[in-house]
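# Remarks on the overall topology
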2 protein chains.
Amino acid sequence: MYLHGRNVLREILALCRSSIKVRRVLFTDQANVDPELPALMSETKHKGFRVEMASQKVLVNLSREKKNQGVLVELREFPYSELEAIKNLPRKKHSIIVMLDRIQDPHNLGAIARTSVAAGADALVITSRASAQVTPAVVKVSAGLIFRIPVIRVVNLVRTMETLKECGYWIYGSATGGEHYLKIPYAERSVLVMGNESEGLRRLVRERCDALVAIPMAKRVDSINVSAAAAVLLFSLREKLIGDDSQ
Amino acid sequence: MYLHGRNVLREILALCRSSIKVRRVLFTDQANVDPELPALMSETKHKGFRVEMASQKVLVNLSREKKNQGVLVELREFPYSELEAIKNLPRKKHSIIVMLDRIQDPHNLGAIARTSVAAGADALVITSRASAQVTPAVVKVSAGLIFRIPVIRVVNLVRTMETLKECGYWIYGSATGGEHYLKIPYAERSVLVMGNESEGLRRLVRERCDALVAIPMAKRVDSINVSAAAAVLLFSLREKLIGDDSQ
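Calculation rules
- Residues numbered from 1 in each chain as written.
- Chains lettered and ligands numbered in written order.
- Predicted model: local features only at pLDDT ≥ 70, side-chain atom pairs only at ≥ 80, totals over all residues.
- Heavy atoms only, no water.
- Salt bridge = Lys/Arg side-chain N within 4 Å of Asp/Glu carboxyl O.
- Helix = DSSP H or I, 4+ residues; strand = E, 2+ residues; numbered from the N terminus.
- Buried < 20%, exposed > 50% of the residue type's maximum accessible area, 1.4 Å probe, protein only.
- Contact = heavy atoms within 4.5 Å.
- Buried area = accessible area lost by both parts, 1.4 Å probe.
- Polar contact = N/O pair within 3.5 Å; in protein donor to acceptor, adjacent residues only side chain to side chain.
- Nonpolar A, V, L, I, M, F, W, Y, C, P; charged D, E, K, R; others polar.
- Pairing = 2+ DSSP bridges.
- Axes fitted to C-alpha atoms, helices over the stretch in contact; angles between N-to-C directions.

## Quick notes on the pattern of salt bridges
All names here are of chain A. Counted by the stated rule, this structure contains 34 salt bridges over all chains. Between arginine 6 and aspartate 34 there is a salt bridge, with the nearest N and O atoms lying 2.0 Å from each other. Pair noted here: arginine 6 is in helix H1 (residues 6-14) and aspartate 34 is in the loop between strand S2 (22-28) and helix H2 (37-46), with a separation of 28 residues, a long-range link. For the residue pair arginine 6 and aspartate 34, the accessibility class agrees, reading buried in each case. A salt bridge links lysine 140 to glutamate 65; the shortest N-O distance between them is 3.2 Å. Remark: glutamate 65 occurs in the loop between helix H3 (56-63) and strand S4 (71-75) and lysine 140 occurs in helix H6 (residues 136-141); sequence separation between them is 75 residues. Judged by its relative accessible area of 48%, lysine 140 is partly exposed. Relative accessible area serves as the criterion here: at 18%, glutamate 65 is assigned to the buried category. Among the charged side chains, a salt-bridge network with shared partners connects Arg23, Arg24, Arg50, Glu52 and Glu74.

## Remarks on unusual backbone geometry
All names here are of chain B. Backbone geometry at arginine 102 places phi at a positive 65 degrees, although glycine is not the residue there. Note that arginine 102 resides in the loop between strand S5 (95-101) and helix H5 (106-118). In the Ramachandran plot, alanine 143 falls in the positive-phi region, its phi being about 60 degrees despite a non-glycine side chain. Along the chain, alanine 143 falls in the loop between helix H6 (136-141) and strand S7 (151-154). Residue classification places alanine 143 among the partly exposed positions, given a relative accessible area of 32%.

## Considering the side chain of B:His4
Residues and elements named next belong to chain B. Within the fold, histidine 4 resides in strand S1 (residues 2-4). The exposure class of histidine 4 is buried, given its relative accessible area of 17%. In this structure histidine 4 touches Ser63, Glu65, Lys67, Asn68, Val71, Leu72 and Lys140, once residues within four positions along its chain are discounted.

## Here's the deal with the interface of chain A and chain B
In this assembly, 33 residues from chain A lie in contact with 33 residues from chain B. Together chain A and chain B conceal approximately 2800 Å² of surface at their shared face, both sides included; 58% is due to carbon and sulfur atoms. Considering only the surface of chain A that becomes buried against chain B, A:Arg114, A:Arg148 and A:Phe235 emerge as the three largest contributors, covering 17% of it. Our enumeration of links across chain A and chain B arrives at zero salt bridges. Counting across the chain A and chain B interface gives eight residue pairs in polar contact (both at pLDDT 80 or more). When its residues are assigned to classes, the side of chain A that touches chain B shows 16 nonpolar, eight polar and nine charged.

## Structural notes on the sheet that holds S7(B)
Across a sheet, paired strands are connected by hydrogen bonds in the backbone, their directions being either parallel or antiparallel. All names here are of chain B. Taking strand neighbours across the sheet as the criterion, the six strands line up as S7-S6-S5-S9-S8-S10 in an open arrangement whose pairing is parallel. Looking at strand neighbours, the two that pair on one side only are S7 and strand S10 (211-214), the edges of this open sheet. Neighbour to neighbour, the strand axes of the sheet diverge by 35 degrees on average, direction disregarded. Alignment of strand S8 (residues 170-180) against strand S9 (residues 189-195), held across four bridges, turns out to be parallel. Bridging from a neighbouring strand, tryptophan 170 pairs with serine 190 of S9. Packed onto the sheet, helix H7 (residues 157-166) meets S5, strand S6 (123-127), S7, S8 and S9 and runs at close to 170 degrees relative to S5.

In short, shape yes, function no, at least from these values alone.
Written as structure tokens, this is what we have:
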């Protein structure tokens, strides 16, 4: 897959994980496109990645994006993580994991990934079937931030919930009719599960949750966009568990 | 413009405003597409709208949407409101208005409209230039809820801010470096201003705000998607001003 833009390249250069398979990094052969490019190119070479020059036309063809900022990264595939990654998370008092039950829209996946990183979540879990996977469009919507969080792809969400419970996590599912999201006494290790755009959580997933949470809304409104709901819930969770660690 | 789907038609049928200019409502001529359609069709006729039958092919061509649910509404234009609408809002203790400074992405406009309705906001203000306007894509993302809130289109946002201040509103702009969003003592009549996806608020708009608000984020993250940020801010505002009136 081809990812474009300076920010995505910077995110990839900042990664320590060896799991990321970069085939090559393409830079525009046009001079003076961007004063930052030469420094970025030498950093890319310095990190041992293969660098090639290409015409703007080639860059547009490969990325299908005119505003590619003269930079393209070719990845063999998105570096998904295994569930084992959860066990290797740095030990700390609080932990938030975001789990998605069949989110379909790449916009939503990208926005939720970005929000998860901003809220300090430790991992994002998606299913390998019936879910949007990480595509260039998802990376773009996430503003490249999806590289800062392990994206764990699992076959069986219910079994993953059991594993997370064994690791000491409590699981909160977003569902109409749940408890008021501000009145939930979240556990120090919390998983937030968001359901499919039109159907919500599957019954089996809902039944495995320790509690269901809901955002009370104005009269006659059932729901908001799933990425908007995830933001409201994640930042309330962040506020309760972590507070302001940005300083 | 052609809007599709049962929910959109229901929202339009529920509107009392005479400002909405419905040219005609098209129903599929295929029988048994949906058991709800006959009742919806007779309600549409009962409300005095022009009803026509059309083949599924015509419906797809007009709406460019395969999943049109056999229903299309043709509007002359989206029924924008005038700023005067603010003065005619029902008198109540609390009021929230959402103002958008050059939001570009139809996804964001649609999601923010839906969130605004869900959070109990009284109006949505957009600019007539350099902003996404209300298109069928926006209506779809809003799940049809954009018809439940006056969308006020103005030429000059700064002048509109002055008018709102004269009406007793306090204006809060979303901006990096603003005060912690949970520590703001919001006024009973509050306007929340969200800025452009990449540039944020324009300087003149920012300077007219009574206060700037920000969502503290994890290390090294600057921002989240504007519709996610709007959701976090609007529901915190709703919680402080309105509380749970959904019962």
